[in-house]
Structures are given as C-alpha cells and as structure tokens.
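For reference, the chains in residue letters:
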Amino acid sequence: MEKNHEYWMQRAISEADKARARDEVPIGCVIVRDGRIIARGHNLRESNQDPAGHAELIAIRKAARKLGSWRLLDTTLYVTLEPCLMCMGAVILARIPMVVFGCSDPKGGAAGSLYDLSDDPRLNHRVELVPRVLETECSHLLSAFFSELRHRKRSRRSPEPA
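A. The environment of Ile 13, seen in detail. With respect to the element layout, Ile 13 can be found in helix α1 (residues 5-21). Judged by its relative accessible area of 10%, Ile 13 is buried. When the C-alpha atoms of Ile 13 and Glu 128 are compared, they prove to be 21 Å apart, with 115 residues separating the residues in sequence. Leave out the neighbours within four places in its chain, and Ile 13 touches Thr 80, Leu 134, Glu 137, Cys 138 and Leu 141.

Take a look at the structure:
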C-alpha cells in the first residue's frame with residue numbers, strides 16, 4: 001500500500017485525538033522518515049503547564065533523540081494545524097525539509113497565513129509546504145473542541161433553575 005500525505009495526516013489526527021482526550025486543544029503531529037513514523041506528539045500545554053508544549057516541538061525533540069541528531073534531514077513533519085512562529089522556527093532550526101499541515105491558522109500561522117517563514121530569504125533553510133491535507137477533518141477537530149468548551153463554560157455560568 002502506498003502511504004500518501006492523507007495516510008500520515010490520519011496518524012497526526014490520531015495524536016490530536018489523544019490531546020482532546022486530555023482536554024487539550026486537539027493538535028497532533030507525526031514525523032516520518034523512510035516510510036516510518038519516527039516521532040509523535042500532541043498538544044500538552046495545559047497538562048504540563050508548558051507554553052512550549054506544542055505537538056510539533058514534542059515530536060521534534062523525540063525525533064532528534066531517536067536519530068541522535070538535531071538535524072532532521074530527510075524527514076516530513078505532519079501536523080493538523082498550521083505551525084506557529086515558535087514551531088516553524090524549530091522546523092527551520094531542525095532542517096526539516098517538508099511540512100504538511102491540515103488547516104490554516106489565520107491568527108497565528110507562520111506557514112503562509114499570518115507569516116511565512118518557509119521561504120524567507122533571510123533564513124538559511126527553506127521548507128516545502130503542503131497545506132490543506134484533510135483540512136475538513138482537522139478543522140472539525142478544532143471547531144468541535146472549542147464549541148464544546150464554550151458550551152461547558154456557559155453551563156457553569158447558568159444559574160440553577162429554582
């Protein structure tokens with residue numbers, strides 16, 4: 001079976017589901033090399049009270065440990081939401097050649113939406129982007145999570161019926 005971008009994005013979605021099960025924003029990431037997942041990560045900012053607990057950073061750190069190198073050459077990073085500035089910075093520093101993402105992040109995306117670090121001539125590394133892979137599924141994960149969160153907050157504020 002040929003494993004394409006959709007196949008690997010489904011694995012990232014599985015990671016996002018793990019985040020959601022922990023009541024985290026459902027963002028998931030996998031890093032692939034030679035047709036195998038070498039690292040996985042999902043959002044853990046709330047669980048770890050860590051502002052850098054993004055799915056991409058967790059996966060990048062794991063991949064570097066597994067390969068014994070901070071240079072993640074010949075890898076592809078799959079993530080359900082467009083990476084932010086911090087995560088794109090880590091992608092560039094790790095020399096990851098390709099990022100495939102699900103849905104765009106117009107409020108914080110650094111891979112084309114708000115900023116585009118992938119092809120900045122001032123930087124020493126370029127990143128090939130493949131956007132909108134399983135975009136509907138990835139977007140639905142986030143919108144359903146935030147809808148449920150708003151509903152829970154409203155329910156807590158509502159006075160008890162007499």
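B. Local environment of helix α4 (residues 85-93). Residues of α4 that are buried include every one of Cys 87, Met 88, Ala 90, Val 91 and Ile 92, and no others. Directly beyond the C-terminal end of α4, a positive phi value near 65° is found at Arg 95.

C. Broad picture of α1. End to end, α1 covers 24 Å across 17 residues, agreeing with the expected 24 Å (1.5 Å per residue, within 8%). If you check which residues of α1 are buried, you get Trp 8, Met 9, Ala 12, Ile 13, Glu 15, Ala 16 and Ala 19. Down the axis of α1, the buried set is contained in an arc of 160°. They therefore lie on one face. The opening residue of α1 is Asn 4, an N-cap whose side-chain oxygen sits 3.1 Å from the backbone nitrogen of Glu 6. Looking at the residues trailing α1, positive phi occurs at Asp 23, about 65°.

D. Spotlight on the nonpolar core. By size, the foremost hydrophobic cluster in this structure holds 50 residues, and its most contacted members are Met 9, Ile 31, Ile 60, Leu 72, Leu 77 and Tyr 78. At the level of secondary structure, the elements contributing two or more residues to this core comprise α1, β1 (28-33), β2 (36-42), α3 (55-67), β3 (76-81), α4, β4 (98-103) and α5 (135-157). With 6 residues, the top contributor of residues to this core is α3. What Met 9 contacts, discounting residues up to four positions off in sequence, is Tyr 78, Val 79, Thr 80, Val 100, Phe 101, Gly 102, Val 133, Leu 134 and Cys 138.

E. Representation of the pattern of salt bridges in the model. Scanning the entire structure with this criterion turns up 7 salt bridges. For Glu 148, the salt bridge identified is with Arg 20, shortest N-O distance 2.9 Å. Taken as a pair, Glu 148 in helix α5 and Arg 20 in helix α1 lie far apart in primary sequence, 128 residues in all. Accessibility expressed as a relative area gives 37% for Glu 148, which makes it partly exposed. Each of Arg 20, Asp 23, Glu 148 and Arg 152 takes part in one network of salt bridges that share partners.

F. View of the packing of aromatic side chains. Tallied over the entire structure, the rule returns 2 aromatic pairs. Relative to Trp 8, the ring of Tyr 7 lies with its centre 4.8 Å away and its plane at 85°, an arrangement referred to as edge-to-face. For Tyr 7, a relative accessible area of 23% gives the class partly exposed. When the centroid spacing of 5.2 Å and the interplanar angle of 80° are considered together, the rings of Phe 145 and Phe 146 count as edge-to-face. Phe 145 sits in the buried class, given a relative accessible area of 3%. A residue is classified by how much of its surface remains accessible, and Phe 146, at 33% relative accessible area, is partly exposed. Arg 11 extends its terminal NZ or CZ atom over the ring of Tyr 7, reaching a point 4.2 Å from the ring centre.

G. The arrangement of the sheet that holds β2 in detail. Reading across the sheet, the 5 strands line up as β2-β1-β3-β4-β5 and stay open at both edges, with mixed pairing between neighbours. The open sheet has two edge strands, β2 and β5 (128-130), and neither has a second partner. This sheet shows a mean twist of 20° between the axes of neighbouring strands, independent of strand direction. As paired elements, β1 and β3 share 4 bridges and run antiparallel to each other. Of the residues in β3, the one forming a bridge with Val 30 is Tyr 78.

What counts, and at which threshold
Residues numbered from 1 in each chain as written. Predicted model: local features only at pLDDT ≥ 70, side-chain atom pairs only at ≥ 80, totals over all residues. Heavy atoms only, no water. Helix = DSSP H or I, 4+ residues; strand = E, 2+ residues; numbered from the N terminus. Buried < 20%, exposed > 50% of the residue type's maximum accessible area, 1.4 Å probe, protein only. Contact = heavy atoms within 4.5 Å. Expected span 1.5 Å × (residues − 1). Arc of directions from axis to C-beta. Polar contact = N/O pair within 3.5 Å; in protein donor to acceptor, adjacent residues only side chain to side chain. Core = buried A, V, L, I, M, F, W, Y, C linked by side-chain atoms within 4.5 Å. Salt bridge = Lys/Arg side-chain N within 4 Å of Asp/Glu carboxyl O. Phe/Tyr/Trp six-rings, centres within 6.5 Å; stacked < 30°, edge-to-face > 60°. Lys NZ or Arg CZ within 6 Å of the ring centre and 35° of its normal. Pairing = 2+ DSSP bridges. Axes fitted to C-alpha atoms, helices over the stretch in contact; angles between N-to-C directions.

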